[in-house]
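Each chain is listed here by its residues.
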Amino acid sequence: MEQHTSRQAQSQLVSLNRDEQISYNSDDNLSGGLHLMIAHGSIMIFAWILIVPTGILVARYFKKIIFTKDRKLCGEAIWFAFHRLLMSTVAILTIVGFLFIFAYKQGSWTKRSSSTKSEFAHSITGIIIISFTFLQPIIALFRCHPESRYRFIYNGIHGFIGFSIFILSIVTLFLAMHFAQFVSFKKFGQGILIGWAIWVGLAFILFEFIEFLFITKKISAAELESRESETIRLKFAAMNSRTLPTIPVSNEKPKRTQLKDGLKIVLLVVHILVALSFTLALVIKLRKKY
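Calculation notes
- Residues numbered from 1 in each chain as written.
- Predicted model: local features only at pLDDT ≥ 70, side-chain atom pairs only at ≥ 80, totals over all residues.
- Heavy atoms only, no water.
- UniProt positions renumbered as here; feature names shortened; annotations may be inferred.
- Helix = DSSP H or I, 4+ residues; strand = E, 2+ residues; numbered from the N terminus.
- Axes fitted to C-alpha atoms, helices over the stretch in contact; angles between N-to-C directions.
- Parallel < 35°, antiparallel > 145°, perpendicular 65-115°, else oblique.
- Left-handed = near helix turned anticlockwise from the far one by under 90°.
- Contact = heavy atoms within 4.5 Å.
- Core = buried A, V, L, I, M, F, W, Y, C linked by side-chain atoms within 4.5 Å.
- Buried < 20%, exposed > 50% of the residue type's maximum accessible area, 1.4 Å probe, protein only.
- Expected span 1.5 Å × (residues − 1).
- Bend = angle between axes of the 7 residues up to and from the residue.
- 1 Å grid on protein atoms, 1.4 Å probe; cavity = no way out; pocket = protein on both sides within 12 Å on 5 of 7 lines; lining within 4 Å.
- Points joined across faces, edges and corners; volume = space filled by probe spheres on them.
- Nonpolar A, V, L, I, M, F, W, Y, C, P; charged D, E, K, R; others polar.

Re the UniProt feature "transmembrane region" (unreviewed entry) in the protein chain
Move 1: Annotation from UniProt places "transmembrane region" (unreviewed entry) at residues 37-62, 82-104, 124-144, 156-180, 192-215 and 265-284.
Move 2: Segment residues 82-104 splits into 100% helix and 0% strand. End C-alpha atoms: 33 Å apart.
Move 3: Structurally, residues 265-284 comprises 100% helix and 0% strand, and the distance from its first C-alpha atom to its last is 28 Å.

Spelled out as structure tokens, the structure:
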């Protein structure tokens, strides 16, 4: 039993001479407290379904894109500027989302019980995600120069933490679908999350396939030596002849690189549109339902 802080007359007629279930809105609904939870969920959906995978894709597949090779944005490589912007936005949104749920719970931790197992697990994975999301930018402040021989240590730690909390965020999102408050939303929400998870996995596979399809063939030592010998021979021939020999120059590699980068840009745009569709579907349905 729990004492309610508000009183409101029921319009429903109740027969007291027989067994009957009486439904009543909790204080959370009456006071608008549930809206804080919905705000928390909406923010986290935007951050972790739309922005995070996009930031990961940019960092992984757009470092050496030919269209931005010699261009800078705010003094940084364009891919890095976008990656930093996206992930900084995620960190801010995650903290804001945490404040909403903190206010909703009035600073109390979810107690573990048979009816709140999902909520308790969600709170544990959620606080881990929030902690490491806040830690990632701090770690980035201490990264060494890209040309440093120790750079691989930072890259490994940064990448491992980032990808781990992304996987954990997927688990956390699915746990939220099992909340008692979202019983009527569970089927739709799980369907959207499953579709989104399949798409994200497919997007990574397609990017890897593009990288594999256009992989640069390594030149063997013998072939390199043969090319150097041919270059020397042509130079001597040019010195002993009035007519300079024409050295064929192949533009196949730049064209292939442009095609590869073009495909990656198209795929990134498609990913953003698909992820945005899943995000809006979840948020709009959630807000309409509650």
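With respect to the packing of helix H4 (residues 117-141) against helix H5 (residues 151-176)
Move 1: It is the contact of H4 with H5, at a shortest axis distance of 9 Å, that shows an interaxial angle of 155°. With respect to each other, H4 and H5 are oriented roughly antiparallel. Like other packed secondary-structure pairs, H4 and H5 cross with a definite hand, here left-handed. Of the residues in H5, those touching H4 at Ser118, Ala121, His122, Thr125, Gly126, Ile128, Ile129, Phe132, Thr133, Gln136, Ile139 and Ala140 are Tyr154, His158, Ile161, Gly162, Ile165, Leu168, Ser169, Thr172, Leu175 and Ala176.

Overview of the packing of H5 against helix H6 (residues 186-213)
Move 1: At a minimum axis separation of 10 Å, H5 and H6 run at an interaxial angle of 160°. Between H5 and H6, the interaxial angle falls into the category roughly antiparallel. As H5 runs across H6, the sense of the crossing is left-handed. On H6, the residues that touch Phe163, Phe166, Ile170, Leu173 and Phe174 of H5 are Gln190, Leu193, Ile194, Trp196, Val200 and Phe204.

Comments concerning the nonpolar core
Move 1: If you look at the biggest cluster of nonpolar residues, it comprises 47 residues, and the most contacted ones within it are Trp48 and Trp196.
Move 2: Elements represented by at least two residues in this core include exactly helix H2 (33-61), helix H3 (78-104), H5, H6 and helix H8 (252-289).
Move 3: In terms of residue count, the dominant contributor to this core is H2 (15 residues).

Here's the deal with H2
Move 1: Between its terminal C-alpha atoms H2 stretches 42 Å, which fits the 42 Å expected from 29 residues at 1.5 Å a residue.
Move 2: When the local axis directions of H2 are compared, the greatest deviation, roughly 35°, occurs at Ile51, which is followed within four positions by the proline Pro53.

Digging into the layout of surface pockets
Move 1: By volume, the largest pocket is sized at about 1300 Å³.
Move 2: Considering the residues around the largest pocket, the lining is formed by 35 residues, among which Ala59, Trp79, His83, Tyr154 and His158 are closest to the centre.
Move 3: Secondary structure elements with two or more residues in the lining of the largest pocket: H2, strand S2 (76-77), H3, H4 and H5.
Move 4: A breakdown of the residues in the lining of the largest pocket according to their chemical character gives 19 nonpolar, nine polar and seven charged.

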